[in-house]
Amino acid sequence: MRSVQSTGGQSSSVPAAREPRSLRQTLPALQPPAQSEQRPAMKQTLSELLRMSRICRMLFATCLGSFILVIFYFQSMFQPVMRRNPFVVDGCCRKGSRNALQELYNPTQPELSGAAMFHQARRDQVGDACRVYSASSRKRRVLTPGDLKHLVVDEDHELIYCYVPKVACTNWKRVMMVLTGRGKYSDPMDIPSNEAHIPSNLKTLNQYSIAEINHRLKNYLKFLFVREPFERLVSAYRNKFTLKYNSSFHKRFGTRIIRRYRKNATQDALFHGADVKFKEFTEYLVDPATQRDGPLNEHWQTVYQLCHPCHIHYDLVGKYETLEEDANYVLRLVGVGDSLRFPSYAKSTRTTDAMTAQFFSNITTQQQIQLYQLYKLDFLMFNYSTPSYLRVD
């Protein structure tokens, strides 16, 4: 009798005892074969199954071996490219080692432990301010990819840096170009300042898909640098409205400000917009019409609006007042502290607290109060006290 292979891989003959009743009645002479006749057929079937099993194992081993060979082949292709770049290997990209996020929260270097506690206090300050703000505000907002255009991504070191204009952002962009350049740059100061601000030279978080954005926000070290809000504001005013080479800002903003807030303005001032007074700039900032025009320019927009620290959990908050110390701490976390240092800046041109006080002495008490309200969250989040020169009582 012919045997039938079941779906489970076993073979069996179909005995007459299991035939349908109608079949037994129709063929009463059909009897099951003797047991001695079944044994050779079962042995033959078992032998066939064992032979097929050996063939399957051989095929699987062959496929697995081929797959491993393909992996080694591609590794051998890419490995020489990485070795030809000494910056990547020696200091930049140590794949398989601890990343900056792990080193921040669980430092292996004793000298980094104290700094880790210090930066935890800064994170706590931001979190406390955000909780107070969310409890007192009815505004609820969900971030979109368009809100993430200030967040620069470094894939090799798993870093995200939110740049804030007038807080050493040019030098930080230079450093990020060194980190992401795969050895193309070695000294940040060799990069011209205008090249550092070309959007295509750095990748920002808004260029990724939603899933990729969430993955990076969860797994990369996120940091930003902040500055005393009014020093940053005066620095932006000095740079954009008192220097002749910034004619684009004069045309774009200066002409508008003079037209709105200067009585009896000359035709030259209306055309060039090159001599905006700080009082006029202040009037422009606190004017409700300015708010209705849309977001403020990034150079005087609040850090809260640029980097969204109540929506994005920043692991490290650096400060302009301790710029080099905080910046080099980030580079040590990354593992490049021995080969890359943050550039020094010219302190002689820096906008100081005394200089800021002088500018604020030329505006009214009401304007001072309005400006403080505009930048209040930045003061609270980053633990800046109310300036002594401010008349807010």
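To be clear, the structure that these remarks concern was listed above.
These remarks concern the structure in this document. Residue numbers run consecutively from 1 along every chain, following the written order of its sequence. In view of the model being predicted, local features appear only for residues whose pLDDT reaches at least 70, and side-chain atom pairs are presented and counted only at 80 or more, with totals across whole chains, interfaces and linings using the full set of residues. Working from all heavy atoms in the structure, the side-chain values ignore hydrogens and water.

### Considering the side chain of Thr-282
We count a stretch as a helix when DSSP gives it H or I for four or more residues in a row; a strand needs E for two or more, and each element gets its number in order from the N terminus. Mapped onto the fold, Thr-282 is located in helix H12 (residues 278-286). Only protein chains enter the calculation, and the probe is 1.4 Å; a residue is then buried if its accessible area is under 20% of its type maximum, exposed if over 50%, and partly exposed in between. Judged by relative accessible area, which is 0%, Thr-282 ranks as buried. Contacts of Thr-282, omitting those with residues within four sequence positions, involve Ile-363, Gln-367 and Leu-371. Throughout, a residue-residue contact means that at least one pair of heavy atoms, one from each residue, lies within 4.5 Å.

### Side note on the environment of Ser-388
Following the sequence through the fold, Ser-388 ends up in the segment after helix H17 (365-381). According to the relative accessible area criterion, Ser-388 is exposed, its value standing at 75%. Between the C-alpha atom of Ser-388 and that of Ala-357, which follows or precedes it by 31 residues, the distance is 8.8 Å.

### Here's the deal with the nonpolar core
To qualify as a nonpolar core, a set must consist of buried Ala, Val, Leu, Ile, Met, Phe, Trp, Tyr and Cys residues joined through side-chain atoms within 4.5 Å. One finds Trp-172, Phe-230, Phe-281 and Trp-300 to be the most contacted residues of the largest nonpolar core, which totals 91 residues. Setting aside chain neighbours within four positions, we find Phe-230 in contact with Thr-356, Phe-360, Leu-371, Tyr-372, Tyr-375, Phe-379, Pro-387, Tyr-389 and Leu-390.

### Regarding unusual backbone geometry
We note that Lys-166 has phi near 75 degrees; this positive angle belongs to a residue other than glycine. Mapped onto the fold, Lys-166 is located in the loop between strand E4 (159-162) and helix H6 (169-180). For His-308, which is not glycine, the phi torsion reads 55 degrees and is therefore positive. Along the polypeptide, His-308 turns up in the loop between helix H14 (303-307) and strand E7 (316-319).

### Examining the pattern of salt bridges
Just to be clear on terms, a salt bridge is a Lys or Arg side-chain nitrogen sitting within 4 Å of an Asp or Glu carboxyl oxygen. Per the counting criterion, the structure on display carries 12 salt bridges. For Asp-315, the salt bridge identified is with Lys-222, shortest N-O distance 3.2 Å. Taken as a pair, Asp-315 in the loop between H14 and E7 and Lys-222 in strand E6 (residues 221-226) lie far apart in primary sequence, 93 residues in all. A salt bridge links Glu-231 to Arg-350; its shortest N-O distance comes to 3.6 Å. In this pair, Glu-231 sits in helix H9 (residues 229-241) while Arg-350 sits in the loop between helix H15 (323-334) and helix H16 (353-360), placing the two residues 119 residues apart along the sequence. Shared partners join several salt bridges into a network, and the residues in it are Arg-262, Asp-275, Lys-277 and Glu-280.

### Observations regarding the side chain of Asn-171
Note on placement: Asn-171 falls in helix H6. Ignoring sequence-local partners within four residues, the contact set of Asn-171 consists of Met-189, Phe-342, Pro-343 and Ser-344.

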